[in-house]
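Listed here are the chains, written in short residue letters.
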Amino acid sequence: MNTRAGEFAALQRAGEHAGRRVIVVDRCESTQDIAKDYATRSDAGPGVAIIARRQTAGRGRLGRAWADTAESGLAMSLTLDARAVSDPGLLSIGVGLAACQACEFVLKCSPVPDAGAATAPKSEGPPTVIPTLGLRWPNDVVERSLGRKLAGILIERSADVFIIGIGINCLQRDTDWPEALRARAVSLLELQPRLDRASLRALIAGEVLRSIDRVLALPHVQIARDWFARDTLVGSRRVFEHAGARVRGLVESIDPLSHLIVRDDTGSLHRLPALTTSMVHDEIA
Ligand code: BTN
């Protein structure tokens, strides 16, 4: 079996083990569009997962682009019956939490020798530590030390179906990133160089599917609590946009299902509704 066919098979098995119909495509512009097509076909129904080996025109939140995955990232879209979702805000943070937990699992289950163990192989690179991940409201998965983004979520709706798009940086190395992303993006492999390149995308795909099913079955308050335990915004200065106006200042608190409290430089507190506020990434607060 050549590597390409092998990876297809592994990706499909990973999804099927997680109890879903998985369709793997070699190359596409956006897995969101393929999932949407399936969602509108009466015979397909919700519950399909589309995975692309390469996605060339991925979409991000707020009209942004998601960089070409160049066979290094996981690009996956799954469909979910919108009638079964009581709160779109909960879905948004729940999927972010699930993606974060799947990445934590994959980083933890890689073979890491005990620190200082006599048998630990010598490494040319940085010491092998499990990096701490976090969530940047509402659902970016980031590594905490530099805030570089590991995964992003895009949720779109087509009639009665949510199309949940998940992009995870998997195999990229430092030199693979375009200049504009180098300081802002990170991959699983950069965080844990001992991960197995050949099986990583299949591993994380299966884990994300399992994790989404598990998280979305949790009580709402637990999703909010587990999300908050991973929050990276409280205590940092940020810029937000709400109702056409910008608010910049210190994030004092977040209730991910309800609102954010931001103190501006005059000391005034702003209560920004979670569902209708977005964070401005390219402005310094
Ligand atoms: C973001 O952080 O802005 C969201 C990025 C979402 C990217 C994923 S990759 C799979 C799916 N297909 C797309 O076109 N976008 C999502």
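Residue numbers restart at each chain and count upward from 1, following the sequence in its written direction. Given that this is a predicted model, residues contribute local features only at a pLDDT of at least 70 and side-chain atom pairs are listed and counted only at 80 or more, while totals for whole chains, interfaces and linings are drawn from all residues. Hydrogens are left out, water is left out, and the side-chain values use all remaining heavy atoms of the structure.

Enquirer: What should I look at first to understand the overall build of the chain in this one?
Expert: Only DSSP runs of H or I reaching four residues or more are called helices, and only runs of E reaching two or more are called strands; each is numbered from the N terminus. When its secondary structure is counted, the chain shows 7 helices and 14 strands. For the chain, the proportion of its 285 residues judged to be buried stands at 50%. Should any heavy atoms of two residues lie within 4.5 Å, those residues are considered in contact. Long-range contacts, defined here as pairs at least 24 residues apart, represent 63% of the contacts in the chain between residues at least 6 apart. Accessible areas in this description were obtained via Shrake-Rupley with a 1.4 Å probe; residue shielding takes into account the shown protein chains only. Surface accessibility of the chain: about 13,600 Å² in total, with carbon and sulfur atoms responsible for 52%. Partly exposed residues are those whose accessible area sits between 20% and 50% of the maximum for their type, while under 20% is buried and over 50% is exposed, using a 1.4 Å probe and protein chains only.

Enquirer: Whenever I open this one, the sheet that holds strand β12 (residues 259-263) confuses me. Can you help?
Expert: Backbone-to-backbone hydrogen bonds pair the strands of a sheet. The strands run either parallel or antiparallel. Spatially, the 5 strands line up as an open sheet ordered β13-β12-β11-β10-β14, and their pairing is antiparallel. Across the chains shown, the open sheet's two edge strands, defined by having one partner strand only, are β13 (269-273) and β14 (277-280). Across the sheet, the mean angle from the axis of one strand to that of its neighbour is 50°, orientation sign disregarded. For two strands to pair, DSSP has to find at least two bridges joining them. All axes here are fitted lines through C-alpha atoms, helices being fitted over the stretch that makes contact, and every angle between N-to-C directions spans 0 to 180 degrees.

Enquirer: What is the right way to look at the layout of surface pockets in this model?
Expert: Where empty space is left can be seen by rolling a probe of water-molecule size over the atoms. Each pocket or cavity is described by its volume, and for the second largest pocket that value is around 390 Å³. Considering the residues around the second largest pocket, the lining is formed by 19 residues, among which Arg61, Ser92, Pro138, Asn139 and Leu275 are closest to the centre. Residue assignment for the lining of the second largest pocket shows that the elements contributing at least two residues are α3 (88-108), β8 (149-158) and β14. Looking at the lining of the second largest pocket element by element, the count peaks at 5 residues for α3. Polar here means any residue outside two lists: the nonpolar Ala, Val, Leu, Ile, Met, Phe, Trp, Tyr, Cys and Pro, and the charged Asp, Glu, Lys and Arg; Gly therefore counts as polar. Classifying every residue of the lining of the second largest pocket gives 13 nonpolar, 5 polar and 1 charged. Cavities and pockets were defined on a 1 Å grid built over protein atoms only: a cavity is a set of grid points that admits a 1.4 Å probe from which the probe cannot escape, a pocket is an open set flanked by protein on both sides within 12 Å along at least five of seven lines, and lining residues are those with an atom within 4 Å of any such point. Grid points are joined across faces, edges and corners, and a volume is the space filled by probe spheres set on the points.

Enquirer: I would appreciate a short explanation of the packing of aromatic side chains in the present structure.
Expert: Centre distance and the angle of the planes are the two values used to describe a pair of aromatic rings. Working definition: a ring pair exists when centres of Phe, Tyr or Trp rings (six-membered ring for Trp) sit within 6.5 Å. Plane angles under 30 degrees give stacked, over 60 give edge-to-face, the rest tilted. Summed over all chains, the structure comprises 1 aromatic pair. A centroid spacing of 6.1 Å and a plane angle of 70° characterise the contact between Trp137 and Phe240, whose relative ring orientation is edge-to-face. Highlighted residues: Trp137 in the loop between β6 (133-136) and β7 (140-143) and Phe240 in strand β10 (residues 237-242), separated in sequence by 103 residues. Phe240 shares its class with Trp137; the two are buried. Criterion for a charge above a ring: Arg CZ or Lys NZ at most 6 Å from the ring centre, at most 35 degrees from the ring normal. Here Arg157 stacks its cationic end above the ring of Phe162, 5.1 Å away from the centre of that ring.

Enquirer: How should the site of the ligand be read in this particular structure?
Expert: Here a residue is near a molecule or strand as soon as one of its heavy atoms is found within 4 Å of it. Within the structure, the ligand sits among 20 residues, and Ser30, Gln55, Arg59, Arg61 and Lys149 are positioned closest to it. A 3.5 Å cut-off defines polar contacts: any pair of N or O atoms within that distance qualifies, except that in protein one atom must be a possible hydrogen donor and the other a possible acceptor, and neighbouring residues in sequence count only when both atoms are side-chain atoms. Here a nitrogen atom of the ligand and a side-chain polar atom of Gln55 are 2.9 Å apart. Summarising the interface, the protein chains cover 99% of the accessible area of the ligand, which totals 410 Å² for the free molecule. Every element with two or more residues in the shell around the ligand is listed here: α2 (31-40), β3 (58-59), β5 (73-81), β8 and β9 (161-169).

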